[in-house]
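Here is what each chain is made of, one letter per residue.
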Amino acid sequence: MKRILLAILLLALVPAAGAAARGGAAAADGPAVPVIVMTHPTLTQVRNLVELYQKDVLPLESFTLLGIYHEDELANLEEEEAYREALAYVEANGLSWVRFRKITGRVEAKDLFRENAWSRQFREIFDAASGFVFTGGMDIPPALYGHETLLLTEPTTPARHLYEISLLFHLLGGKRNAAFSPLMADRRDMPVLAICLGMQSLNVALGGTLVQDIPSQLYGWETVEEVLAGDPETIHSGAYLEKAHPNDPDLCPPFHRIRPALDSLFFRNMGLVEGATPWVSSSHHQAIEELGKGLRVTATSLDGMVAEAVELAGFANVLGVQFHPERHILYQKGLRLRRQPQEALAFNPRSFLKENTPSYEFHLALWKWFAEAVLGEPKLGARQTADGVRQQQ
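First, a word on what this report is: a plain description of the structure on this page. (Residues numbered from 1 in each chain as written. Predicted model: local features only at pLDDT ≥ 70, side-chain atom pairs only at ≥ 80, totals over all residues. Heavy atoms only, no water.)

1. Description of helix α5 (residues 158–172)
With 15 residues, α5 ought to run about 21 Å at 1.5 Å a step, and its terminal C-alpha atoms sit 21 Å apart, in line with that. Phi for Gly-173, located one or two positions after α5, is positive at around 70°. (Helix = DSSP H or I, 4+ residues; strand = E, 2+ residues; numbered from the N terminus. Expected span 1.5 Å × (residues − 1).)

Here you go:
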């Protein structure tokens, strides 16, 4: 009964059919405002985007955030609670510009890459959208990319992965069905930011495969102790420190540097200069293995072992990042965490990024790029400065 009530409450926050124009939500007293569609709108994800907007990290005057989810996700008790918390947060804070939409119907894996029971719903969402954010989460069922499931893989949210991978295919097409005409064929500059799991889903939707466990498959490590004894630049998840030192809620997610390629959005649109290796925060144990059709790697870990960013040929603003630029703690003054157990609560992620130029500037530039792409106003001119970033003209 609680699940039914939650579904009804979430559905009640969806704009009525026809209330959104192509690429923007209708406004009663002015022009349409942009609509950012976000997958998996749990409390954590909704709060991230809300706080980025309120802190002006996401520099938009106004927008509608449309969180989409599949009805079968509510069968997972943890997911149900996470959506319930998101709804309560939106209502308690009067966030009328945050909406939710439920995807209904079931599609088998063999039908993800073709017209299916979700296609009409995807088109309605696309017609209202100005941009998409695919968020992080649990592991994709390996069967979706033709692999068996390894012991360390945790595919605990299959309903989510089915519809998100099908949505990405509907947006972008790919070798899974070369005859399919993608929704973005006539809107190739629409921004799609795929974060962590989102980048992996993007790769799978385009026919790629995944490394199911970075420590064991890429580095040959089998224990938590081996991971923690390694170079911190090779640690991509805080899970290992949490396993070694459980019950410490103040541990900070790990940070490591990335090496962007010169021919990338990071240099063309975000002001990085040659040699810059910004610090990022990550939380993943899987990575891209075989690239999907049209994708190319545009940033790696410092040792080159892990793809940290991908871009898609033919689509100017499709970007996958394996790290987490959306975490609101990266932009929060006064927050105090610790990087290692027993340390004092003295680590502030924002200060750390600002002290390690151009890391903070890089994160701000990423969201500036996304906001400008949402508005259709890319600013490509820039001049180089001595601190590893370029100032937009």
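2. Quick notes on the pairing of strand β14 (residues 307–312)
The buried fraction of β14 amounts to 6 of the 6 residues, a majority that puts the element mostly inside the structure. When strand β13 (residues 295–301) meets β14, the two strands line up antiparallel, connected through 5 bridges. By the bridge assignment for β14, Arg-296 is matched with Glu-311. Here β13 folds back onto β14, and the loop between the two strands holds 5 residues, one of which, Gly-304, carries a positive phi near 75°. Linking β14 back to strand β15 (residues 318–321) in an antiparallel pair, the connection comprises 5 residues, with Gly-314 at a positive phi of about 90°. (Buried < 20%, exposed > 50% of the residue type's maximum accessible area, 1.4 Å probe, protein only. Pairing = 2+ DSSP bridges.)

3. Remarks on the packing of aromatic side chains
According to the stated counting rule, one finds 18 aromatic pairs in the structure shown. Judged by centre distance (5.1 Å) and plane angle (90°), the rings of Tyr-53 and Phe-63 are edge-to-face. On the criterion of sequence distance, the pair formed by Tyr-53 in helix α2 (residues 43–54) and Phe-63 in the loop between α2 and β5 (64–70) is long-range, its members being 10 residues apart. Pairing Phe-266 with Phe-362 gives two aromatic rings, centres 5.4 Å apart and planes at 55°, and the pair type is tilted. (Phe/Tyr/Trp six-rings, centres within 6.5 Å; stacked < 30°, edge-to-face > 60°.)

4. Regarding the pattern of salt bridges
Applying the stated criterion across every chain, the model contains 19 salt bridges. Across the salt bridge formed by Arg-257 and Glu-233, the nearest N and O atoms sit 2.7 Å from each other. In this pair, Arg-257 sits in strand β10 (residues 255–260) while Glu-233 sits in the loop between α8 (224–229) and α9 (239–244), placing the two residues 24 residues apart along the sequence. For Arg-257, a relative accessible area of 27% gives the class partly exposed. A cluster of three or more residues bridged by salt bridges with shared partners is formed by Asp-263, Arg-268, Arg-296 and Glu-311. (Salt bridge = Lys/Arg side-chain N within 4 Å of Asp/Glu carboxyl O.)

5. Re the sheet that holds strand β7 (residues 131–134)
Working definition: the strands of a sheet are paired by backbone hydrogen bonds and lie parallel or antiparallel to each other. The 10 strands lie next to each other as β6-β5-β4-β7-β8-β15-β14-β13-β10-β11, forming an open sheet whose pairing is mixed. Here the strands that pair on one side only, and so sit at the sheet edges, are β6 (98–103) and β11 (279–281). Each adjacent strand pair in this sheet contributes to an overall mean axis angle of 25°, direction not counted. Across 3 bridges, strand β4 (residues 35–39) lies against β7 in parallel orientation. Across the sheet, Ile-36 pairs through a bridge with Gly-131, a residue of β7. The sheet contacts of α5 involve β4, β5, β6, β7, β8 (192–195), β14 and β15, and relative to β7 the element is tilted by about 145°. (Axes fitted to C-alpha atoms, helices over the stretch in contact; angles between N-to-C directions. Contact = heavy atoms within 4.5 Å.)

6. Some remarks on unusual backbone geometry
Residue Pro-358 is bonded to the preceding Thr-357 through a cis peptide linkage, with omega at 10°. In this structure, His-40 takes a positive phi of about 55° despite not being glycine. One can find His-40 in the loop between β4 and α2. Residue classification places His-40 among the buried residues on the basis of a relative accessible area of 8%.

7. As for the nonpolar core
Among the nonpolar cores identified, the biggest contains 59 residues, and Leu-58 and Phe-266 are the most heavily contacted of them. In terms of residue count, the dominant contributor to this core is helix α12 (residues 359–375) (10 residues). Ignoring anything within four residues of it in the chain, the contact list for Phe-266 reads Pro-260, Gly-271, Leu-272, Thr-298, Ala-299, Ala-309, Leu-319, Val-321, Phe-362 and Leu-366. Formed by 45 residues, the second largest nonpolar core is a distinct cluster that contains Leu-112, Phe-113, Leu-144 and Tyr-163. (Core = buried A, V, L, I, M, F, W, Y, C linked by side-chain atoms within 4.5 Å.)

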